[in-house]
Amino acid sequence: MRNNRDTIAAIATPNGEGGIAIVRISGPEALPIAERIFRPSQKSAAFEHGRMLYGYAVDADGSELDEVMAVYFQAPRSYTRQDVCEIHTHGGVSSALVLERAVKEGARPAERGEFTYRAFINGRIDLSRAEAVMELVSASGEKSARASVRQLKNGASVRIEKCREKLKDIVTLIDAAADFPEEIDEDVTFERVRSLAGEVLQELQKLADKRYARIMNKGARAVIAGRPNVGKSSLMNALLAFERSIVTDIPGTTRDTVSESVSISGLEITLTDTAGIRDTSDPVEHIGVKRAEESVESADCVILVLDASEDLTDEDRKLLAQRDERYILVANKADVKREDFGMCLCVSARTGEGIGELSRRIYDMVSAGEDDEKLLTLRHVECAERAMKALERLMSAPEGTYLDLLRDDATQALLCLGEISGENVSESVIDGIFERFCVGK
Ligand SMILES: Nc1nc2c(ncn2[C@@H]2O[C@H](COP(=O)(O)OP(=O)(O)OP(=O)(O)O)[C@@H](O)[C@H]2O)c(=O)[nH]1
Ligand SMILES: [Mg+2]
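Residues numbered from 1 in each chain as written. Chains lettered and ligands numbered in written order. Predicted model: local features only at pLDDT ≥ 70, side-chain atom pairs only at ≥ 80, totals over all residues. Heavy atoms only, no water.

Moving on, we come to the coordination of the magnesium ion (ligand 2). Around the magnesium ion (ligand 2), the donor atoms from the protein are S233 (OG) and T254 (OG1), and they sit 2.0 Å away. Of this pair, S233 sits in helix 9 (residues 232-240) while T254 sits in the loop between helix 9 and strand 9 (258-264), and the two are 21 residues apart along the sequence. With respect to burial, S233 and T254 carry one shared label: buried. (Donors = N, O, S within 2.8 Å, 3.2 Å for Na, K, Ca; no water. Helix = DSSP H or I, 4+ residues; strand = E, 2+ residues; numbered from the N terminus. Buried < 20%, exposed > 50% of the residue type's maximum accessible area, 1.4 Å probe, protein only.)

What follows is the structure in structure tokens.
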């Protein structure tokens, strides 16, 4: 358990050089500490809530350390709901000097995520919103950043809260039936309970999408596969718009997987070029082919490349037979001969024809359902999945089952959903979440 009552300080901006850096101080001593290390340029100026002051950060002997701006947020109208002062210094060493001053004046260096932890403990945000803050600061692309902001504004947590209300209703209904057996018909309660549980289950099925959460957090994975020499590496380079993979006319050029990230319409996508898949006795190439097959297995999108300038080979047919809904079929070298094999997108890595359309199709495939207010964090999806298991148990109970058993399932689901907002969650889970933050957040 962290001490929540002392005064903490940290640099809230990233390490290294920058135009400005912000030293943030939070706790009961924030204001007196700031008053000792900041001197306004106008003698009469004093800290008041939300007003930016101009002046100097000063050392213990009164000498000036840096020209700065400073602002005070009075509790509870601050990020942590405590008194907060921020000193905006020039980037580089001066922020470190100001932080050092704050610590000398009595602040404790903040731990990872401690400001956001205080916002959570003091009830300003729930756990799912604290996690959204973290995802926002580490977002891999515009798309996931926007989704984090939606979560921060409480999209999915409001819907989870409604589910919890319904589950509490179930428990109340069952308790009432137990307390007033003469007045309340058990069969009616049973039906009512099942219908409420069904509604919650349906809502959770919409909210909990593991694939979506993973893509929003870690980005999507698209893999370029095909037999040797069809132009996979050339396509990789065309999609990236720079020469990343080696291209030659020798089949078997690419021997290992080559990955590079690219942003398509704001979504972070890791593109992987792979070794051409074929039977081979070369031990090195054999390992490469295995890796290619593994990459295909775990991909969100597989770009299967065929060669439009040649007839289909047995290797092509073998690969085509494995295709599923993640596949985009591409006929490359359309500049030589246009052959779409009846189902492929014709492209040319050489002329650039069809590359824009291919990007669009990759995006469409991996971003499906992006606008829904789905759960964004894998931890939340896992909590929701456990709640769904309990509700499925409830729903499959045959008529005449003791209402008490249904009550157990509903309570179980309720507890699982409470872990999302942080209402019933263990200290160690909370610590684990905040430890993944950086210092200063
Ligand atoms: N005309 C034409 N040639 C292409 C095109 N794309 C690739 N090539 C040529 O096809 C040959 C093979 O290209 P790569 O990109 O190395 O093919 P790959 O599929 O990565 O081959 P491996 O790594 O050996 O599996 C090279 O000579 C390329 O210049 C295209 O769109 N049009
Ligand atoms: Mg290659």
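From this point, the discussion proceeds with the structure in view.
A word on the sheet that holds strand 2 (residues 20-26). What links the strands of a sheet is backbone hydrogen bonding, and the strands pair in either a parallel or an antiparallel sense. Spatial ordering of the open sheet is given by 3-4-5-6-2-1-7, a layout of seven strands whose pairing is mixed. Each edge of the open sheet is held by one strand with a lone partner, namely strand 3 (38-40) and strand 7 (108-109). Note: strand 2 against strand 6 (residues 84-90), seven bridges, orientation antiparallel. Counterpart to I20 in the pairing with strand 6 is H90. (Pairing = 2+ DSSP bridges.)

Further remarks concern the site of ligand 1. Taken together, the neighbourhood of ligand 1 is formed by 23 residues, with K232, S234, G252, T253 and D335 sitting nearest. Note that an oxygen atom of ligand 1 is positioned 2.7 Å from one of the side-chain N or O atoms of K232. S233 is positioned with one of its side-chain polar atoms (N or O) 2.8 Å from an oxygen atom of ligand 1. Coverage of ligand 1 by the protein chains reaches 91% of its 650 Å² of free accessible surface. The dominant element in the shell around ligand 1, judged by the number of residues it contributes, is helix 9, at three residues. (Near = heavy atom within 4 Å. Polar contact = N/O pair within 3.5 Å; in protein donor to acceptor, adjacent residues only side chain to side chain. Areas by Shrake-Rupley, 256 points an atom, 1.4 Å probe, with all protein chains shown as cover.)

A few words on the packing of helix 13 (residues 378-396) against helix 14 (residues 403-421). Running from N to C, helix 13 and helix 14 cross one another at 170°; their axes reach a closest spacing of 8 Å. Taken as axis vectors, helix 13 and helix 14 run roughly antiparallel relative to one another. Residues R379, H380, C383, A384, R386, A387, A390, L391, R393 and L394 of helix 13 form the contact with helix 14, whose own contacting residues are L406, D409, A410, Q412, A413, C416, L417, E419 and I420. (Axes fitted to C-alpha atoms, helices over the stretch in contact; angles between N-to-C directions. Parallel < 35°, antiparallel > 145°, perpendicular 65-115°, else oblique. Contact = heavy atoms within 4.5 Å.)

A separate point is the nonpolar core. Among the nonpolar cores identified, the biggest contains 36 residues, and L167, I170, L204, L375, L391, L406 and L417 are the most heavily contacted of them. The set of elements that each furnish at least two residues to this core consists of helix 6 (155-179), helix 7 (186-207), helix 13 and helix 14. Leaving out residues up to four positions away in the same chain, L204 has contacts with I160, C163, A384, A387, M388, L391 and L417. (Core = buried A, V, L, I, M, F, W, Y, C linked by side-chain atoms within 4.5 Å.)

Taken domain by domain, the chain holds domain 1 (8-126), domain 2 (137-209 + 374-422) and domain 3 (216-366). For domain 2 and domain 3, the distance between their C-alpha centres works out to 42 Å. (Domains from an automatic or database assignment.)

In the structure shown here, the tally under the stated rule is 37 salt bridges. Here D59 makes a salt bridge to R101, at a shortest N to O gap of 3.8 Å. With D59 in the loop between strand 4 (52-58) and strand 5 (64-73) and R101 in helix 2 (residues 93-104), this pair connects stretches of sequence that are 42 residues apart. Taken together, the salt bridges that share partners define one network made up of D6, R108, E111, E114 and R118. (Salt bridge = Lys/Arg side-chain N within 4 Å of Asp/Glu carboxyl O.)

The next point concerns the pairing of strand 5. Looking at chain direction, strand 4 and strand 5 are connected through seven bridges and run antiparallel. Note on strand 5: the bridge partner recorded for V58 is E64. Counted between consecutive antiparallel strands, the loop separating strand 4 from strand 5 contains five residues, among which G62 sits at a positive phi close to 90°. Summarising the sheet, strand 5 and strand 6 pair through five bridges and their orientation is antiparallel.

Looking at the secondary structure, you find R326 in the loop between helix 11 (314-321) and strand 12 (327-332). Overall, the relative accessible area of 18% leaves R326 in the buried class. In this structure the C-alpha to C-alpha distance between R326 and I362, which are 36 residues apart in sequence, comes to 9.6 Å. Apart from the residues lying within four places of it in its own chain, the contact partners of R326 are V296, E297, S298, A299, D300, C301, V302 and M365. Polar contacts involving the side chain of R326 include one to the main-chain carbonyl oxygen of V296, which spans 2.9 Å.

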